[in-house]
Amino acid sequence: MNMIEARKNKIKDSLNKTKERRKSQSAAIIKAKIDSDRLNTNTSRILRRIFLEAKWLYNYIINKEFNNDIFNMDYKVNKVPVYVKDHYEIRDLKYLSSQMREEIIDRTMDNIKGLSKLKEKGYKIGKLKFKKYITSIPLKQYNNTYKIINNNYIKIQGIKQKLKVNGLYNLNILEPANALLINKNNNYYIYITAYKNKYILDKPINNQKIVSVDLGIKNQLTLSNGLIINYGIPKSKREKRIQRRLSKKIKNSNNYYKLKNKLNIEQTKTVNRRKDTVNKIAHYLSSNYDIIITQDDNINSWKHLFGKRTESTNMGGIKEALKHKASTFILLDRFLPTTKECSKCHNKYNINLNDRIYKCPNCGFIINRDYNSTLNDLYYGIIKINELLRNKYNKLKRYFNELNLNINVPVDHREFTPVETFTSVPEGINISPYVRISVVNESGSLIALA
């Protein structure tokens, strides 16, 4: 009994330490694709079978004919009845691991609890329905349910072969947690939830390169060094043509579903092109600059105003990619008046959305509107960095005092002076064929680079 209590206390202490650590970390989702061409025949069969067994288990869980009390269900269930034509057959769960089963049962219970809370609030609710297929399976525990071997390979419980993946990076600064195994259009993906420290300021701060980025509609990205990055990947002609044909088909007919599958494939191609472009831009920024500053703009609200112009750029994806690619990512409050404020005298006045040139009525300073915003982002970002450095310095000082150590923190770890951090615009930039690059000067005109 004492051993059981000791084990429980050990797990409890570990959970408390993890919760405390998460307070100083930010979450990121790493989306990696499993290379189907590298899968052997047996592994492909097992992957298909895992998703099939997940469907059997889910339908068994919500089937009241066999389960009257879902909340007391046995996690170790290894045989389930499956409805075939007009009768039930008992099937073995051969490849669905015990942790996968546990998570599917917990997920179903959470769904029921959610419906119950909605009902208590007066909403009209339905019930959980049987599924024809399952598209995601939770991988609960890192190093148990799944394991990352290196940047190119992962291991999943119940599958002997090491799986080749594309899209894993920055594992040295990330702490992996739970994950999802996804089946999308017969392609397999793994979405890993990982955590990193919110601000990494361990190197001497004045040796780090800094840039601020302003997101916008007319110019997608404007950098504080004067670089402007524009891009857009609209729907393909084939996708539009399939959509028109689909609208004329009888819903739920065989031809409707055939065209629907074709449309899904084309949409996936377009989404992948956008993701690829966003990742290349994020990689360019994170590999050339140590500290990246941007404002936490409400990009979702832009969709209601600008529609297709934001849909074709996936700007929100750039912000999310930078969160876990950048060495240090500073996110400013969205309500800071960076557009209204003059970057020279810091006077504020309202400027219309159509005005592309900022003319300060106080000091007469004339500058490109987006470039002015990036300089203000840089100004407020440096203030925030210095505040973080002071907090870090004070924590280190208290720590040294507690240990009765007389150690001075170097000055270059305490204060950030941006005099030496500005870098010239590199020549011959080639990020992606979908990306157009230009440079802004103070009067607001553009000089094309690529």
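Worth saying up front: this structure is predicted, and the values here are computed from it rather than measured.

**Topic: the environment of L39**
Now for step 1: Inspection of the secondary structure puts L39 in the loop between β1 (25–34) and α2 (41–62).
Now for step 2: Taking the C-alpha atoms as reference points, L39 and Q161, 122 residues apart in sequence, are found 8.0 Å from one another.
Now for step 3: Contact partners of L39, with chain neighbours within four places excluded, come to I34, S44, L47, Q161 and L163.

**Observations regarding unusual backbone geometry**
Now for step 1: One non-glycine residue, K85, lies in positive phi territory at about 55 degrees.
Now for step 2: Here K85 shows up in the loop between β2 (79–84) and β3 (87–92).
Now for step 3: Positive phi, close to 70 degrees, is recorded for N252, a residue that is not glycine.
Now for step 4: Residue position: N252 is located in the loop between α4 (237–247) and α5 (254–288).

**A short note on a nonpolar patch on the surface**
Now for step 1: A surface patch of nonpolar side chains, amounting to about 300 Å² of accessible area, comprises F66, Y83 and Y88.
Now for step 2: Given the relative accessible area of 35%, F66 is considered partly exposed.

**A look at the sheet that holds strand β9 (residues 187–197)**
Now for step 1: Here we have 7 strands laid out as an open sheet, ordered β4-β8-β9-β1-β7-β6-β5, and antiparallel in their pairing. In this open sheet, the two strands that pair with only one neighbour each are β4 (136–139) and β5 (146–148). Direction aside, the axes of adjacent strands within the sheet are offset by 30 degrees on average.

**With respect to the pairing of β3**
Every other side chain in a regular strand lies on the same face of the sheet, so the side chains alternate between the two faces.
Now for step 1: Here 6 bridges tie β2 to β3, and the two strands are oriented antiparallel to one another. Residue V80 lies in a different strand from β3, and its bridge partner there is R91.
Now for step 2: Following β2, the chain reverses through 2 residues before pairing antiparallel with β3; K85 in that reversal takes a positive phi of roughly 55 degrees.

**Description of the confidence of the model for the chain**
Now for step 1: Across the chain, pLDDT averages 82, with 87% of residues at or above 70.
Now for step 2: The secondary structure element of the chain with the lowest average pLDDT is strand β18 (residues 446–448), at 41, and the one with the highest is α2, at 93.
Now for step 3: Taken together, the stretch residues 409–413 has pLDDT below 50 and engages in 12 contacts with residues farther than four places along the chain or on a different chain.
Now for step 4: Within the model, the stretch residues 419–424 combines pLDDT values under 50 with 8 contacts to residues more than four positions away or in other chains.

**Focus on the side chain of S343**
Now for step 1: Relative to the elements of secondary structure, S343 occurs in the loop between β14 (328–332) and β15 (357–359).
Now for step 2: Given the relative accessible area of 17%, S343 is considered buried.
Now for step 3: Within the structure, S343 has its side chain in polar contact with the side chain of N372 (distance 2.9 Å).

**Overview of the packing of α4 against α5**
Axes are the key here: two packed helices are described by the angle between their axes and the distance separating the axes.
Now for step 1: Where α4 contacts α5, the axes come no closer than 9 Å and their chain directions differ by 155 degrees. Considering the angle they form, α4 stands roughly antiparallel to α5. Crossing handedness for the pair α4 and α5: left-handed. Only Y256, L259, K260, K262, L263, E266, Q267 and T270 of α5 make contact with α4, whose side of the interface consists of R238, E239, I242, Q243, R245 and L246.
Now for step 2: The residue inventory of the contact of α4 with α5, partitioned by class, reads 5 nonpolar, 3 polar and 6 charged.

Procedures and definitions
Residues numbered from 1 in each chain as written. Predicted model: local features only at pLDDT ≥ 70, side-chain atom pairs only at ≥ 80, totals over all residues. Heavy atoms only, no water. Helix = DSSP H or I, 4+ residues; strand = E, 2+ residues; numbered from the N terminus. Contact = heavy atoms within 4.5 Å. Patch = residues over 30% accessible without salt bridge, like charges linked within 9 Å, V, L, I, M, F, W, Y side chains within 5 Å. Areas by Shrake-Rupley, 256 points an atom, 1.4 Å probe, with all protein chains shown as cover. Salt bridge = Lys/Arg side-chain N within 4 Å of Asp/Glu carboxyl O. Buried < 20%, exposed > 50% of the residue type's maximum accessible area, 1.4 Å probe, protein only. Pairing = 2+ DSSP bridges. Axes fitted to C-alpha atoms, helices over the stretch in contact; angles between N-to-C directions. pLDDT = per-residue confidence, 0-100. Polar contact = N/O pair within 3.5 Å; in protein donor to acceptor, adjacent residues only side chain to side chain. Parallel < 35°, antiparallel > 145°, perpendicular 65-115°, else oblique. Left-handed = near helix turned anticlockwise from the far one by under 90°. Nonpolar A, V, L, I, M, F, W, Y, C, P; charged D, E, K, R; others polar.

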